[in-house]
Amino acid sequence: MGPVRLVGRSGVVRLVVLVLLASAVVAPPVIGRTSENDVAAAAGLAGSRVRPDDPQQGPPPLPTPPLQPLVRDVLPGVTRGVDALDALDALGDDVFATVARQNGQSVDAFAQVLADDPTAFLDGDGRLLYQDPGPTGSGANAALVEPAPFPNSQTFLLHSRPGSNRVLYIDFNGYSLPANTGWRSGQAYTALPYDTNGNGVTWDQTEHNTIQSVWQRISEDYAPFDIDVTTEDPGSAAIDRTSAADNVYGGVVVVTNSPNMDFCAPGGCGGVSYVGTVDEVGTNHNYYQPSWVFNDAMGGVAKYIAEAGSHEFGHAVGLSHDGKGGDAYYAGHGMWAPIMGVGYSQP
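What counts, and where the lines are drawn
- Each chain carries its own residue numbering, running from 1 in the direction its sequence is written.
- With pLDDT at 70 or above as the cut-off, local features in this predicted model cover only qualifying residues; side-chain atom pairs require 80 or more to be listed or tallied, and sums for whole chains, interfaces and linings still use all residues.
- Side-chain metrics rest on all non-hydrogen atoms present in the structure, leaving aside hydrogens and water.
- Strand pairing is defined by DSSP finding a minimum of two bridges between the two strands.
- For helices the rule is a DSSP run of H or I covering at least 4 residues; for strands it is a run of E covering at least 2, with both sets numbered from the N terminus onward.
- An axis is simply a line fitted to the C-alpha atoms; with a helix, the fit covers only the stretch in contact. Between two such axes, the angle follows the N-to-C directions and lies from 0 to 180 degrees.
- Angles are sorted into four bins: roughly parallel if under 35 degrees, roughly antiparallel if over 145, roughly perpendicular if 65 to 115, and oblique for all others.
- It is the rotation of the near helix from the far one that decides the hand of a crossing: anticlockwise by less than a right angle makes it left-handed, clockwise makes it right-handed.
- Residues count as neighbours in contact if any of their non-hydrogen atoms are within 4.5 Å of one another.
- In the scheme used here, Gly and all other residues not listed as nonpolar or charged are polar, with Ala, Val, Leu, Ile, Met, Phe, Trp, Tyr, Cys and Pro taken as nonpolar and Asp, Glu, Lys and Arg as charged.
- Here, a salt bridge means any Lys or Arg side-chain nitrogen found within 4 Å of an Asp or Glu carboxyl oxygen.
- Three labels apply to residues, based on accessible area from a 1.4 Å probe with only protein chains included: buried if under 20% of the type maximum, exposed if over 50%, partly exposed otherwise in between.
- Cavities and pockets are defined on a 1 Å grid built over the protein atoms alone: a cavity is a set of grid points where a 1.4 Å probe fits but cannot escape, while a pocket is an open set with protein on both sides within 12 Å along at least five of seven lines, and lining residues are those with an atom within 4 Å of any such point.
- Grid points are joined across faces, edges and corners, and a volume is the space filled by probe spheres set on the points.

### Focus on the sheet that holds strand β10 (residues 291–294)
Next, step 1: An order of β1-β2-β3-β9-β10-β8-β4-β7 is seen for the eight strands of this open sheet, with the pairing classed as mixed. Every interior strand has two partners, whereas the edge strands, β1 (79–80) and β7 (228–230), have only one.
Next, step 2: Pairing geometry for strand β8 (residues 249–256) and β10, over four bridges, is parallel. Note on β10: the bridge partner recorded for Val255 is Val293.

### Brief notes about the packing of helix α7 (residues 205–221) against helix α11 (residues 302–316)
Two numbers describe a pair of packed helices, the interaxial angle and the distance between the axes.
Next, step 1: Packing of α7 against α11 brings their axes to within 9 Å, and their N-to-C directions diverge by 40°. Taken together, α7 and α11 sit at an angle that is classed as oblique. Read as a crossing pair, α7 and α11 show a hand that is right-handed. Contact residues: Thr210, Ser213, Val214, Arg217, Ile218 and Asp221 in α7; Ala302, Lys303, Ile305, Ala306, Gly309 and Ser310 in α11.
Next, step 2: The residue inventory of the contact of α7 with α11, partitioned by class, reads five nonpolar, four polar and three charged.

### A word on the pattern of salt bridges
Next, step 1: Scanning the entire structure with this criterion turns up three salt bridges.
Next, step 2: Of the charged contacts in the structure, one is a salt bridge between Arg72 and Asp125, with a shortest N-O distance of 2.8 Å. With Arg72 in helix α3 (residues 70–74) and Asp125 in the loop between β2 (120–122) and β3 (128–132), this residue pair connects regions lying 53 residues apart in the sequence.
Next, step 3: For Arg72, a relative accessible area of 44% gives the class partly exposed.
Next, step 4: Under the relative-accessibility criterion, Asp125 is labelled buried at 3%.
Next, step 5: Here Glu307 and Lys303 are joined by a salt bridge, their closest N and O atoms 2.8 Å apart. Of this pair, Glu307 and Lys303 both sit in helix α11, four residues apart, which is roughly one turn of that helix.

### Some words on empty space enclosed by the protein
Next, step 1: Per the counting criterion, the structure on display carries two cavities of 30 Å³ or more.
Next, step 2: Along the walls of the largest cavity sit 13 residues, with Pro133, His311, Gly341, Val342 and Tyr344 positioned nearest its centre.
Next, step 3: Per-element tally for the lining of the largest cavity: the top contributor is α11, with four residues.
Next, step 4: When the residues that make up the lining of the largest cavity are grouped by side-chain class, the tally is seven nonpolar, three polar and three charged.

Here you go:
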């Protein structure tokens, strides 16, 4: 049997959620004022990520890092947004505007994100990343996972759209982070595989069920777009973007048993990702890979892992949070929540 194609999970509900995801597009995070086209553009799925004719978009992002060592003098490492805002303000309006532009945002939108969203951080190069919380309570039937719909032999051969030029690889197998990336102050790191039975990559039936369920859920979230969500390692050529002319690229979401505190500020997180990195070119692309989901915060629950995986990849394609009122995250209503809000408690 060859690679398995997507089988739908819940129909219209998640398609509606995908449209709501658009309201969190990274520049600027004004609630409910962007379109589904912004999501496709952010992912490089339909034209340029920043459209000059859209008055709500900030200016095109600059290559990173354009400001060193100036910014590193005030941002020595990963710094919480509100503190980074104060530090950058001390350098003057021109520097702040350049950092905002580097992140593809207008000055006002960038300042709002840093001031209002407690999960927003800047690294030492002034690049925006989010450290997102994990679930805090029991969701509706969250722990229920149906038997795997495909044979176990297909668990790591699943594809939602084989042949697409865009790829999201969900990596459950452990990850070898090289030195000199944006993560962990540039230190090399070996991330553990997803594991609920203590046997590493010797997968039991519950793990097969969970992995296939996670793939189904994330695949459905991104089904409206021309992107292949896969559990099969596609190789570096399908992920890396070597030049602006390279039209085959993507991103990786690592689901790991490594402790979230190895990547997150005190208090922990459920997942973490840089913003707007998928269509970066050359060394910048690799520098900000991958996005991370931490199983120690997810408890091995397929729904939680999938919600976090879709959310973190949303950041990677250029989206900020979908909030409401004074809340950085909108928890939804009825039976749904937006992907770039927080959907752990919804069915």
